[in-house]
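Each chain, written out:
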Amino acid sequence: MSLQLASQSVSQGTSTPRLGASLEELTAWVQEQGQPAYRGKQLYQWLYGQGARSLSDITVFPKKWRENAEAVDFGRSTVHHRSIAPDGTIKYLLKLSDGNIVETVGMPTQKRLTVCVSSQVGCPMACDFCATGKGGFLRNLETHEIVDQVLTVQEEFDRRVSNVVFMGMGEPLLNIDNVLAALRCLNEDVGIGQRSMTVSTVGIPGHVRRLAQHKLQATLAVSLHASNQALREQLIPSARQYPLEDLFAECRDYVKLTGRRLTFEYLLLAELNDRPEHAEELAQHLRGFQSHVNLIPYNPISEVDYQRPDRRRIDRFVRALEERHIAVSVRYSKGLDVDAACGQLRASQNSQA
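Just so we're clear, the structure is a prediction, and the values are computed from it rather than from any experiment.

Peer 1: Help me understand the overall build of the protein chain, please; the structure alone is not making it clear to me.
Peer 2: Looking only at helices and strands, one finds 12 helices and 12 strands in the protein chain. Across the protein chain, the fraction of contacts at a sequence separation of at least 24, relative to all contacts at a separation of at least 6, is 65%.

Peer 1: Just checking my understanding: could you explain the pairing of strand β3 (residues 101-108) for this structure?
Peer 2: Looking along a regular strand, one sees side chains alternate from face to face of the sheet. Summarising burial for β3: 7 of the 8 residues are buried, a large majority. With 6 bridges connecting them, strand β2 (residues 90-95) and β3 associate as antiparallel partners. Looking across to β3, one finds that Leu94 is bridged to Val102. Between the antiparallel neighbours β2 and β3 lie 5 residues, among them Gly99 with a positive phi of about 90°. Linking two consecutive strands that pair antiparallel, namely β3 and strand β4 (residues 113-116), is a turn of 4 residues.

Peer 1: Any chance you could explain the packing of aromatic side chains here in plain terms?
Peer 2: Ring pairs (aromatic) are described by centroid distance and by the angle formed between their planes. One pass over the full model with this rule turns up 8 aromatic pairs. Ring centres 5.2 Å apart and planes at 65° place the aromatic pair Tyr44 and Tyr48 in the edge-to-face group. A residue pair is termed a helical-turn pair when its members lie 3 or 4 positions apart in one helix, as Tyr44 and Tyr48 do in helix α2 (residues 38-49) at 4 residues. Taken individually, Tyr44 and Tyr48 each receive the classification buried, so the pair is uniform in this respect.

Peer 1: Looking at this model, I keep getting lost on the packing of helix α1 (residues 23-32) against α2. Mind explaining?
Peer 2: How two helices pack is summed up by the angle between their axes together with the distance between the axes. The N-to-C vectors of α1 and α2 enclose an angle of 125°; their axes lie 8 Å apart at closest approach. Comparing the axis directions of α1 and α2 gives the class oblique. As for how α1 packs across α2, the hand of that crossing is right-handed. On the side of α1, the interface is formed by Leu23, Leu26, Thr27, Trp29 and Val30, while α2 contributes Arg39, Gly40, Lys41, Leu43, Tyr44, Leu47 and Tyr48.

Peer 1: Explanation requested: helix α5 (residues 143-157) in the structure shown.
Peer 2: Because the α-helix completes a turn every 3.6 residues, residues three or four places apart line up on one side. Along its 15 residues, α5 runs 22 Å from first to last C-alpha, staying within 8% of the 21 Å computed at 1.5 Å per residue. Of all 15 residues in α5, 13 are buried, a share of seventy percent or more. Once α5 finishes, Asp158 follows within two positions and takes phi at roughly 55°, a positive value.

Peer 1: Is there a simple way to think about the sheet that holds strand β8 (residues 197-201) in this case?
Peer 2: Strand pairing within a sheet occurs via backbone hydrogen bonds; the two strands may be parallel or antiparallel. One open sheet holds the 10 strands; their spatial order is β1-β2-β3-β4-β7-β8-β9-β10-β11-β12, and the pairing between them is mixed. The outermost strands of the open sheet, each flanked by one partner alone, are β1 (78-84) and β12 (328-330). Each neighbouring strand pair of the sheet contributes to a mean axis angle of 20°, computed without reference to strand direction. Inspection of the sheet shows strand β7 (residues 163-166) paired to β8 by 3 bridges, in the parallel sense. When the bridges of β8 are listed, Val165 appears paired with Thr198. The strands that helix α9 (residues 244-258) touches are β9 (219-223) and β10 (262-268); relative to β10, the one it contacts most, it runs at about 145°.

What counts and what doesn't
- Residues numbered from 1 in each chain as written.
- Predicted model: local features only at pLDDT ≥ 70, side-chain atom pairs only at ≥ 80, totals over all residues.
- Heavy atoms only, no water.
- Helix = DSSP H or I, 4+ residues; strand = E, 2+ residues; numbered from the N terminus.
- Contact = heavy atoms within 4.5 Å.
- Buried < 20%, exposed > 50% of the residue type's maximum accessible area, 1.4 Å probe, protein only.
- Pairing = 2+ DSSP bridges.
- Phe/Tyr/Trp six-rings, centres within 6.5 Å; stacked < 30°, edge-to-face > 60°.
- Axes fitted to C-alpha atoms, helices over the stretch in contact; angles between N-to-C directions.
- Parallel < 35°, antiparallel > 145°, perpendicular 65-115°, else oblique.
- Left-handed = near helix turned anticlockwise from the far one by under 90°.
- Expected span 1.5 Å × (residues − 1).

As structure tokens, this is what we get:
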């Protein structure tokens, strides 16, 4: 299903980045520059198909136009730093045009190349276990800055990206307009199926229902991380304004409106939220819910003393959910040797600067 959302507008000037624009918008722009309409399709193919970073890269364009249009902004970042793990995962720090740094991760398997993208520079949610939250919030990412992360990983690995997950820095639903525009672009222009995309959120009041109105085929992953309100408030400060019962009510509406199964993410923290009684409490919330639980053993960060549970405790939690007929899987993070937790690499590089 096509996203019913206008993509990022293209102005007559050269200050608006071309990346994120649709074929129709690029065609209108080249005509504004005094070029024939068919140049719009050429620009579109070079921008999304060949990863052109500037007008001068597009050799099918007239030389004079390329020379006179060097100031045209394509909206591409530069790779500031790479960290490579033994399993092939690569975490990138990308420098944006204003000098800010964001993280993105390329996670390859034999059949897939998944990109974990950021939606904000930093994050305002200040989750107690998260390295990104410890670094504060600077701004939302623009549409082109989100799409650029996917194209950068695609170029770096020299293979097509198959899956995109919005699980990097930031809270996507606090930047919902740009995230929706990026989803449209990644789907329609870059050619990644919506069903191969996942948007992860801790839950923002009213925004889950707002997202449901677009009836996307992308997966919505809701980060719970706790089985009761008191524990969730301890881990996620914003939960004080968003009780679990209200969040679950929105999630049920989301399933009704979209017909899509929800994923609930649950970060397992040793001795804190990983006991059988927590699994039983979680199962009670999800009984009769069209959902799937994704358990994530914690990646420790230096700022707090939360620990990763051992395999025995993880297996016990899984069994407790399965015995209560809750669909569950365990997601073991890739790239544990490259500051795997979101925000860790950016924080470590900033401390060295």
